[in-house]
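Coordinates in review
Chain by chain, the residues:
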Amino acid sequence: MISFGPVPSRRLGKSLGINNIPGDKICTYACIYCQVGATRHYTLDRQSFYSPEQIFAAVEKHLGKLQQMPDYLTFVPNGEPTLDIHLEESISLLKKIGIPIAVITNASLLGDAQVRDALSLADWVSVKVDANDEAVWKKINRPHPKLTFESYKEGLLTFASAYRGLLATETMMVDGVNDGAELLQRNASLIATINPATAYISIPTRPPAMRSVKKPDEAAINRAYQIYTGAGLHSEMLLGFEGSDTGFTGDAREDILNMSAVHPIREETMGEILRKNGAESGLPDQLIRENVIREVIYQDKKFWIRNFSGK
Ligand code: SF4
């Protein structure tokens, strides 16, 4: 199936997925947390999978069956979308439909000018930045042996400096691998150079390729968020909850659950939510007892974050 969905996505609204890699996963990485399973086809060679016309026809047919158009057409295949040698032509053709195009890439092939040219046509691109440290990059992303850390970083910086669309980064956090404060500081400084619209922090929410992979806890996610925002980044968490920063809706419980899924709530903001919604001061403690939020401390300050440990 070339197209699927639309699926609701906090980043992209309603997104029609495009799987431009047929069959088993084909990737340049074998991330320890990969939720598509083990990498059986490990390659750096860009290949021909579907023709751009096949992709266009599949998407056009799919759209014809929908009542409402999606917000994005998103390349999110079984593997790395830029391994598709026809990506540029496929994006060019799909743009004729008039729906913005998004691509979620691991960024490993951005050293290739043709890959950068293809992605430059997309309206929204998310690049993976899990580790600004060669040893940790190798440990978490398990890149193809011919990929070098230098070429990955150079490609990332070259692409980001020229890209005119909406750029996002995604950092998948794995307990004990890339969640240390010093590593996160280094990540944050690399991401700040790239200057994305949003630096997302995510956790594995489906079974990972390696059973040893564990999610960090809420305190570690809060620390990552504080370090990223401290570096001047606009950051959001992707914890497997939809959530949105909708402000004050009159329902304090909903506001707390929504906001704490996107970013940790600081003490002053929590006070404001309770006050503006006329809610009881004991509501945060009640939500902690229900196991839906957790209180975490960072640099002597209190924050509340969605409880994802039990999921
Ligand atoms: S880059 Fe994506 S598809 Fe490839 S191994 Fe990593 S998580 Fe899986």
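Since this is a predicted model, take the numbers as computed values, not measurements.

So, on to the domain arrangement of the protein chain. For interface size, the figure often reported is the accessible area lost on association. Domain annotation for the protein chain reports domain 1 (3–238) and domain 2 (265–306). When each unit is reduced to the centre of its C-alpha atoms, the spacing between domain 1 and domain 2 is 32 Å. Every contact between the two is made by 9 residues of domain 1 and, on the other side, 6 residues of domain 2. Carbon and sulfur atoms supply 69% of the area that domain 1 and domain 2 bury against each other, a total of about 680 Å² over both sides. If you sort the residues of domain 1 by the area they bury against domain 2, Glu218, Asn222 and Gln226 come out on top, with a joint share of 69%. In this assembly, domain 1 and domain 2 are joined by 1 salt bridge. Between Arg294 and Glu218 there is a salt bridge, with the nearest N and O atoms lying 2.6 Å from each other. Our count for the contact surface shared by domain 1 and domain 2 stands at 1 residue pair in polar contact (both at pLDDT 80 or more). Among the elements that line the side of domain 1 that touches domain 2, the one with the most residues is helix α7 (residues 218–230), at 7 residues.

So, on to the nonpolar core. Residues Leu73, Leu94, Leu156, Ile221 and Tyr228 are the most contacted members of the largest nonpolar core, which totals 76 residues. Counting residues domain by domain, this core receives three or more from each of domain 1 (3–238) and domain 2 (265–306). Dropping the residues within four chain positions of it, Leu73 is found in contact with Leu16, Ile18, Val59, Leu63, Leu94, Ile97, Ile99, Pro100, Ile101 and Ala102.

In a beta sheet, neighbouring strands are held together by backbone hydrogen bonds and run either parallel or antiparallel to one another. Taken together, the 3 strands give an open sheet; going across it, the order is β11-β13-β12, and neighbouring strands pair in antiparallel fashion. The sheet is open, and its two borders are formed by β11 (265–266) and β12 (293–298), each paired with just one other strand. Two elements, β11 and strand β13 (residues 301–306), share 2 bridges in a ladder whose sense is antiparallel. Across the sheet, residue Arg266 finds its bridge partner in β13, namely Phe303. Where α7 meets the sheet, it contacts β12 and β13, and its direction lies at approximately 55° from that of β12. Along the sheet face, helix α8 (residues 252–262) touches β11, β12 and β13 and points at about 100° away from the line of β13.

Procedures and definitions
- Residues numbered from 1 in each chain as written.
- Predicted model: local features only at pLDDT ≥ 70, side-chain atom pairs only at ≥ 80, totals over all residues.
- Heavy atoms only, no water.
- Domains from an automatic or database assignment.
- Contact = heavy atoms within 4.5 Å.
- Buried area = accessible area lost by both parts, 1.4 Å probe.
- Salt bridge = Lys/Arg side-chain N within 4 Å of Asp/Glu carboxyl O.
- Polar contact = N/O pair within 3.5 Å; in protein donor to acceptor, adjacent residues only side chain to side chain.
- Helix = DSSP H or I, 4+ residues; strand = E, 2+ residues; numbered from the N terminus.
- Core = buried A, V, L, I, M, F, W, Y, C linked by side-chain atoms within 4.5 Å.
- Buried < 20%, exposed > 50% of the residue type's maximum accessible area, 1.4 Å probe, protein only.
- Pairing = 2+ DSSP bridges.
- Axes fitted to C-alpha atoms, helices over the stretch in contact; angles between N-to-C directions.

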